[in-house]
Every structure is written in structure tokens, then in C-alpha cells.
There are 2 protein chains.
Amino acid sequence: MFSQDTYIKRRQILKQKVGSGLILFLGNEESGMNYRDNVYTFRQDSSFLYYFGLDAASLHAVIDIENDQEIIFGDELTIDDIVWTGPKEPLTEKAAKVGIQKVRPSKTLSEYLKSAQNSKQTVHFLPPYRAEHYLKLQEWLEVNPAQASQLASVTLIKAVVSMRSYKSEEEITEIEKAVNTSVDMHLEFMRITQPGLTEKQVAGKLQSLAIGQGGDISYPIILTVNGEILHTHTRDLVMRDGQLSLCDAGAETAMHYCGDLTRTIPTGKKFTTIQKEMYEIVLNAEESAIRACKPGVLFKDVHTLASTKLLEGLKEVGIIKGDPAEAVANDVHTLFFQCGLGHMMGLDVHDMENLGEQYVGYTEDLKKGTAFGWKSLRMGRALEPGFVVTVEPGLYFIPTLIDRWKSENKLSQFIDYNKLESFRDFTGIRIEDDIVITETGNRILGKELVKSVEGIEGLR
Amino acid sequence: MFSQDTYIKRRQILKQKVGSGLILFLGNEESGMNYRDNVYTFRQDSSFLYYFGLDAASLHAVIDIENDQEIIFGDELTIDDIVWTGPKEPLTEKAAKVGIQKVRPSKTLSEYLKSAQNSKQTVHFLPPYRAEHYLKLQEWLEVNPAQASQLASVTLIKAVVSMRSYKSEEEITEIEKAVNTSVDMHLEFMRITQPGLTEKQVAGKLQSLAIGQGGDISYPIILTVNGEILHTHTRDLVMRDGQLSLCDAGAETAMHYCGDLTRTIPTGKKFTTIQKEMYEIVLNAEESAIRACKPGVLFKDVHTLASTKLLEGLKEVGIIKGDPAEAVANDVHTLFFQCGLGHMMGLDVHDMENLGEQYVGYTEDLKKGTAFGWKSLRMGRALEPGFVVTVEPGLYFIPTLIDRWKSENKLSQFIDYNKLESFRDFTGIRIEDDIVITETGNRILGKELVKSVEGIEGLR
């Protein structure tokens, strides 16, 4: 938990930004897996953590701007609970540590909100993402679940985004801790990966490091010999010599700040010649992109730069024909790099994703694209000091997509489909670091994690 | 997945037992942690797995008894999805493997149910435990979320319990796999625990074994030097020499059958004299209880037996006075053994807990107790061949509870409160194994896991 002043100040600024009405923050509940009481690891809502710092289930908070009240709604443990859970710090004391003096029983929240609605106060809430919240908004505010997202307060969303986007020094310190644990996970990945192990045997060991260091993983580990499958969560394959292994894994700290790193290594000791060549294309794109990140630069333009570097490299390999920049202008890169260059990172690994990418990664004047590839770029806006973003270009050879483009002879003025055929089963490579934008440029967060071919082979 | 015949037969029997109407099985959805798309490890509903075997999110199933239809409602991947997820086996093929020929798009389920309701068919559903299911029952069947549990079908609950309670040979094989992985986790616990490590450093390593063997943990690992806190999920403490470490951990297999074992060991190399004495009291209770488990015996009576053995031991230590059996009849044991002796285990670690303990662990004639201690006994009914249950007695010295009883001088004819005071900070011990009831007695499942003092010290 940060100091009391941090939370008090954040709420003061939020009140000024929202201006009037009542702000309702829905904390998260415990979440049952296969029955109510067999629960997943509890994860508090990130905006709740940002403004209230209280990392416990079944709490809700109200900032009543007009009546100048800040209240936590939640219940103290009964003596019967204590028999099962052991003694815990009372909620009133925890709340006082974040500068909140008023704690009321959960069951009184409904009445409080109804009375605010009766006095025509606007009740601001963020878009829900957990089903429990849809049920509560329905019960307390008569919000139809089908409309809850549209009825979320745009004023509140914009205010929260305008604060959480700029990471303070103490937040960056905490993010850096998460990145350091993530680096340890990747060093373990490089140390233990070997032919004959299953993907999940390696993934399990990495998760144990995140847990051991006091937090957990910040997202499900992607650990795969099929790096071209961008959203693979199955990890059943036995890893074989000659393959590439892609690991996209990050830790979150006990305070729930996140890290998010990717490395791609040979499953055996060495990259093959062609793997090395392709790897260096991605590495060049990643390093060029990082160098380009500084205040005022549109992240969209950095994405274009990285895409151009990727196609320049593929031209040398003979897959791409013609001018790489012109090819990118024609979206040729989306055959190999279907996703975005990166995203904001903080208390969420895709920071504030549930608030809407248009608000987080774009602006009134810069709308998110809708074309294939561009619609997956979570962030396009100009970089500013204090932003923490990931930079993660990649090359992905997806047979289904190659077949579709080839059957349409799509953009064949730029693509040598015969040459491409020999890369059909190449799989994928991604390299990802986390950076903070400074006044003059950027800084890569955390301990150094090798990414050169020689560096990686040296650890294998 | 078991053979097609297994699932077909289970559904046939279920249809006969329920008799008429339409049975709706709600499969589980992906569950977002801090935003919609950052998901927890997917866990399918266990009854859905039992009757349909399909381990994927966003599926629902209908057994329409009157119209003799079995239908899976779910959506095939689009070509756009495949770009992100890689090619997957089509849902129609997966459904065919469990003997279901009809697959329909999700969006048609609502219409199907409405038409059943219009024809006055009873729609049977199980009690929901995930908030998404409350929303769906409301949308599809106009079930008020506050009433969804009461409106669940008792006929269906009883039918499901009457089938899932009796484990088949192939299920026992699968449970035994889970127990074997759980044994490996506990051997690792005994191997790596040492003063100076945090509880979660050890817990993380155990979880990695469960993940590596193809499944995951079957419930959040309890790994604590405060074994008396029965529901502790915080694992932040540094383990110190002289303390006991209690580990309650189990794996589930890729098919989601569970194991559930507990061992208590010295954090350092050896038990102290008093720790050894207390440990052997619990071990004697556990072994006596296991010996008593056979067809026809009320599990409630085995609980009483274990409780008596615990008090007999505590009498030797000088904490208990008078006749142990009489003390148990007066519920004296609930000061030290506040929970139940065990529970059913299968696809859920507390098997079928969401269906209601009265239906799972008790009968029409044997109601669950309401007094302290007895209300936490999940299972009381007579044992039958094929039941798989845990046996897990323990001694827990809970300062809050001791203070409360002492302040009331409660049952002081049986309790030497002065002597007890010196055990105030003793913490807790639990020993737990998983057994299957056979025709003549029972069998402990899985590889042997040491539980004698000498055996444990030999591994430290």
C-alpha cells in the first residue's frame, strides 16, 4: 500500500475532474471455480486499488461529491468468522490507512444509492466486466444488464484514464519490481527449456517464481512452440529440438502492478541459420521501435516504423518484393504482424482495458482503426512522460491466414507466395520489453534481460 | 475424456431418473480477473463434464426428455478466430465423441427454452454458483436472481447426486492419478520446506508440479505455519525453526478429477517432544477413522469415533478430564476439532458441494446438524461401495475460541483450562488421506505418502 496521502490526493483530483454527482466503485468479489467456495486467487479491481488501496473482497466505495463523503461499504468479521480465518485487521483500521474514516455495512449501500437517485444525483460507475457487477448494478440502480456498459459514465472513464495513464515515481518503482520478477521468470525459461519437456512443465515453474516473490502471474503464461498462435493457452505439447519456444510471461507484485515480457529462444542449444536471420529481423524492429518512443510521437507511427522494419527484413529474405514502406501503407505487414506493437501497462497488464481502448489508447481526434491488424493496435496516441508501454513486435506465420491470402492472390505485387510457402511452418517470434516514457525519450524498465542471439545462446 | 458409451449411458440413466421435462446444463464461461479478457484458468462445471465431457467455455446442453433430444448449444470458431487461436477440432466433432449429434448456435438456446416453457415443459436446472448463470437464467427463463437457488430442480439435484456419488472403476483410476500427483506435491513439500522460506515460496513450487503434470491445483493450497487457521489463504509468513508447517494441497488431472491430501511436518528437521505427542494423537484418530470406514457405517459415527480418539489423546496430555466419550457427547471436541472429518471427492474436491450438502452428505432421515462443529460436517450418511471420501481429523488451538470458552468457563468439567493455556499458541495439526469404500471396507487411494513421525523425519 502507498502512503495515506497518495490515496487522499488521488481522490481529491478525481473529485475535481468529475465535478458533481456520486462515484460508485465496485470492488471485486471472490470468484468460485467449480462451486461457490472453491475460489480462484482473489484479484481486486485495479481502479478500486488505485483510489482506495484495499485489497480484499466484497468492498464497495462511494465518493459522494456533492455531500463531500467518502465511504467504504463492507463488513467486519464476526467472531465466528475469526474462528475460521484467524484474527484480521479491522476494516475501519484498514480504511483509515488510506484516509477513509467512514465504513458502513454492505447492506446499507443499496439504500444510500437509492437516496442519491431520489435526489437526482448522477451516479457514475465504470463499465463492469464481472457478472457479479451486472447483478449489483441491476439490483441497486435498476440498470438493465444488457445496457450496463453503455450506461457507464464517460466523464468518470475519462477522469480515471487521465490519472492512471501517468505513472508516478512510486508506481514506476513498483512496476519495476514486477518487471524484475518477470525477468527472473524469463531467465528460468532460458535455463530450463529443453527438448522433451512439455510446455506446461516449464510454464508451471515460471508461475511458481511469480507466486514465490509475493504476487502471482499478471496474465496466463503463453509458453509455446507454436508462437504464431497469438492467443494459445493450451500448453500440452512436448518441446522438440529444432523448434523455437516463445514465452510471454509476466509477474504482478503483491500490490498488483504488472510486468509483461516476451522472449523467443531455440528449444535446443542454438538457433538454426534461418531462425537466427528471422530473429534478428524482429530484434531490429523492436530496438528501432524502442529508440523511436519519446514524448509527442504517436505510438501508431512507432507501430508503422516497426512494421516497416519487419518488411525490410522480410525483403532481404525474399518474401517481400517492392518498397517496404509502400507495402506497409498497403497493410502487407498484417499478414505477418497481425496484432499491435504494444499497450499501456500498470495495475492491469493491458492497463485500463476494461475502460475502453478508444479512451485509453486513442483520443477524440485519433480513432482506433477498424481494418485487420490496425483494429488490434490497442494504443495509437502520442506518448507522454510517465506513460508505461510495452513494445512487442513479432513475425507470425499463420498457415490459415497465408492460405487465405494466397488463394486471393492478395497484394501479390508485394509478396512472393512461392518463397513464403517454405516459411509456412516457421511458427512465430516475438520480443517484448516494457518502457517508461521520460521527458526526453524512454527507459527500459527492470534488470537487463538478454535478447541478442549470442546472449541467448550463451544461456542455453 | 472417457469413451462415448460412458457419457451416453450416464445421460440415459439421468433421463430415466428425472422422468420428464427438459434438463438444462449451464456450462461455465471464461472468467475475467481484472478485465474481461485477462482470464483465470478455465474450469468447466463438473456436472457438465460428467454428462457431456466437453471441456471448453461457453457451451450449454439440453436433454429434452419428452422430445428425446440431446443438444449442445455453442458456436464454431470463425476463420477470424482461428487466426488468433490456431485451428481447433470443430465442436460438432467434439460433441460426436460424447455421443451428441446435434449442435446448435448459442443464440438459438433462448428460443428453444421459451418454446419448451410455452409447451408447459418443466425446465430442470442445477443451483447456480457463477454470477453469469444467474444472468442467463434471468434472461432465458425469467428466473429472479434472488430466487434462482430455490427454483433449482430438486428432482435433478437428487438424480445427479445419486449418480455422481458412486465412482466407476474408470473414475477411480482417474482420481488415483490426481492423488498420485498430490502425493508428489507433498513429497516436494517435505523435501523443500525449511526455516527462512516463505509459505508462498513453497506453495508456488507445489502448484508448478500440479500444472506440469497436466492439470492444476484442485483448490487453493493451504500452506501455513498457523495450521489452526482453517481457511487461511494468506501465505506471507517466513517459516521458522520449531514451528509446524501444515500443507493441505491437491492436484486435479487434465480431466478434472481431484486429490486432496494434508500433512503436517516440522519446519525444521525434527518434531519437538510435545509436537510429536500431539501429532501421534491426530495420527491415531486418522488411522482409527480409516479402519472404521466400510459399507453401512454412518460417516457421522466415524466422525464421532475420531473425535473420541482425539479427546482420549488430549486426556493423556492433561487437557481433557473425565470420560472422553462423554466429553464428545457434550461436544467438547469442537473446541479442538471445529470442522468435519471429511467429504465426498470426485470431479469437485468437495464433491457436488454446489448441489447442497443436505442432498450430498445426508438423507431424508438424517439431517445435517446445526450446532457448532456439527454444522461443518459435510457428510454424515452411511458409506456405500464406490464412495470416495476424505478422512482428515485435526487438532486446532484457536486462541480466539479458547478465550471465548474459557471466559464462559464452558464445559469446565471436561477441560483443564489452566493446562490448555500452555497450548494456546500450539497452532494446528491435520492429517488427511483419500479413500474409496469397497464391498468389505476401504482402500487408501494413490501411492503411499509417509505419515509416521519417523517416516516424516526421515525425509527432512
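Scoring rules and cut-offs
Residues numbered from 1 in each chain as written. Chains lettered and ligands numbered in written order. Predicted model: local features only at pLDDT ≥ 70, side-chain atom pairs only at ≥ 80, totals over all residues. Heavy atoms only, no water. Domains from an automatic or database assignment. Contact = heavy atoms within 4.5 Å. Buried area = accessible area lost by both parts, 1.4 Å probe. Salt bridge = Lys/Arg side-chain N within 4 Å of Asp/Glu carboxyl O. Helix = DSSP H or I, 4+ residues; strand = E, 2+ residues; numbered from the N terminus. Nonpolar A, V, L, I, M, F, W, Y, C, P; charged D, E, K, R; others polar. Pairing = 2+ DSSP bridges. Axes fitted to C-alpha atoms, helices over the stretch in contact; angles between N-to-C directions. Patch = residues over 30% accessible without salt bridge, like charges linked within 9 Å, V, L, I, M, F, W, Y side chains within 5 Å. Areas by Shrake-Rupley, 256 points an atom, 1.4 Å probe, with all protein chains shown as cover. Lys, Arg positive; Asp, Glu negative; His and termini not counted. Charge placed at Lys NZ, Arg CZ, Asp CG, Glu CD. Buried < 20%, exposed > 50% of the residue type's maximum accessible area, 1.4 Å probe, protein only. Least-squares fit on C-alpha atoms with pLDDT ≥ 70 in both. UniProt positions renumbered as here; feature names shortened; annotations may be inferred. Parallel < 35°, antiparallel > 145°, perpendicular 65-115°, else oblique. Left-handed = near helix turned anticlockwise from the far one by under 90°.

Asker: Help me understand the domain arrangement of chain A in this model?
Answerer: Bring the parts together and some accessible area is lost; that lost area is often taken as the interface size. Residues and elements named next belong to chain A. Taken domain by domain, chain A holds domain 1 (4-164) and domain 2 (169-458). Taking only C-alpha atoms into account, the centre of domain 1 sits 35 Å from that of domain 2. On the domain 2 side, the residues contacting the 18 residues of domain 1 number 19 residues. Buried area between domain 1 and domain 2, summed over both chains or domains, comes out near 1500 Å², and the portion from carbon and sulfur atoms is 53%. Together, Arg43, Val161 and Arg164 form the three largest contributors to the area buried by domain 1 at its contact with domain 2, with a combined 36%. Arg164 serves as the salt-bridge partner of Asp348, at 2.8 Å between the closest nitrogen and oxygen. The set of elements that each furnish at least two residues to the side of domain 1 that touches domain 2 consists of α1 (4-18), α2 (46-52) and α8 (154-164). Residues of the side of domain 1 that touches domain 2, tallied by class, amount to ten nonpolar, three polar and five charged.

Asker: Got a minute to help me understand the sheet that holds strand β10 (residues 261-266) of chain A in this structure?
Answerer: Paired through their backbone hydrogen bonds, the strands of a sheet run either parallel or antiparallel. Residue and element names in this part refer to chain A. With antiparallel pairing, three strands are arranged side by side in an open sheet as β7-β8-β10. Two strands close off the open sheet at either side, each with one partner strand: β7 (222-224) and β10. Neighbour-to-neighbour, the strand axes of this sheet turn through a mean angle of 10 degrees, independent of strand direction. Across three bridges, the pairing between β7 and strand β8 (residues 244-249) is antiparallel. Along β8, the bridge assignment pairs Leu223 with Cys247. Those strands touched by helix α9 (residues 169-192) are β7, β8 and β10, and its axis lies near 10 degrees from that of β10.

Asker: Looking at this structure, I do not really get a negative patch on the surface. What am I missing?
Answerer: Residues and elements named next belong to chain A. A surface patch of like charges, here negative, comprises Glu277, Glu280, Glu316 and Glu454. Position of Glu316 relative to the elements: it lies in helix α12 (residues 299-317). According to the relative accessible area criterion, Glu316 is exposed, its value standing at 70%.

Asker: What is the right way to look at the relation of the copies chain B and chain A in this model?
Answerer: Comparison of the two chain copies shows a relationship of rotation about an axis with a shift along it. Rotating chain B by 180 degrees about the axis while translating it 0.0 Å along that axis superimposes it on chain A, leaving an RMSD of 0.0 Å. The transformation just described matches what one would write down for a two-fold rotation axis. Ranked by how close their C-alpha atoms come to the rotation axis, the residues of chain B are headed by Ala131 of chain B, at 2.6 Å. Most of the interface of chain B is mirrored in chain A, where 100% of its interface residues are also at the interface.

Asker: Where do I start with the UniProt feature "domain: Aminopeptidase P N-terminal" (unreviewed entry) in chain A in this structure?
Answerer: Mapped onto this numbering, the UniProt entry annotates "domain: Aminopeptidase P N-terminal" (unreviewed entry) at residues 2-134 of chain A. Across residues 2-134 of chain A, the secondary structure splits into 38% helix and 16% strand, with the terminal C-alpha atoms separated by 30 Å.

Asker: Help me out: how do you make sense of the pattern of salt bridges in this one?
Answerer: Opposite charge on two side chains makes pairing possible when the charged atoms of those side chains draw close. A full pass over the atoms with the stated rule returns 64 salt bridges over all chains. One salt bridge connects Glu70 of chain B with Arg11 of chain B, and the closest N-O pair in it is separated by 3.0 Å. Pair noted here: Glu70 of chain B is in strand β3 (residues 69-73) and Arg11 of chain B is in helix α1 (residues 4-18), with a separation of 59 residues, a long-range link. Here Glu421 of chain B ties to Arg424 of chain B by a salt bridge, and the two come within 3.8 Å at their closest N and O atoms. By relative accessible area, Arg424 of chain B is classed as partly exposed at 23%. Each member of the salt-bridge network shares a partner with another, and the members are Arg11, Lys15, Asp68 and Glu70 of chain A.

Asker: Explanation requested: the packing of α1 of chain A against α8 of chain A in the structure shown.
Answerer: Describing two packed helices takes the angle between their axes plus the distance from one axis to the other. All names here are of chain A. Where α1 contacts α8, the two axes come as close as 9 Å, and the packing angle between them is 140 degrees. Comparing their axes, α8 and α1 come out oblique. Handedness of the crossing formed by α1 with α8: right-handed. Contacts between α1 and α8 involve Arg10, Ile13, Leu14, Lys17 and Val18 from the first element and Thr155, Leu156, Ala159, Val160, Ser162 and Met163 from the second.

Asker: Would you explain the sheet that holds strand β4 (residues 102-104) of chain B in this entry?
Answerer: Residues and elements named next belong to chain B. What the five strands build is an open sheet, ordered β4-β3-β2-β1-β5; its pairing is mixed. Edge strands, defined here as strands with exactly one partner in the open sheet, are β4 and β5 (123-125). Taking the axes of each pair of neighbouring strands and ignoring which way they run, one obtains an average angle of 25 degrees across the sheet. Alignment of β3 against β4, held across three bridges, turns out to be parallel. For Ile72, the partnering residue across the bridge sits in β4 and is Val103.

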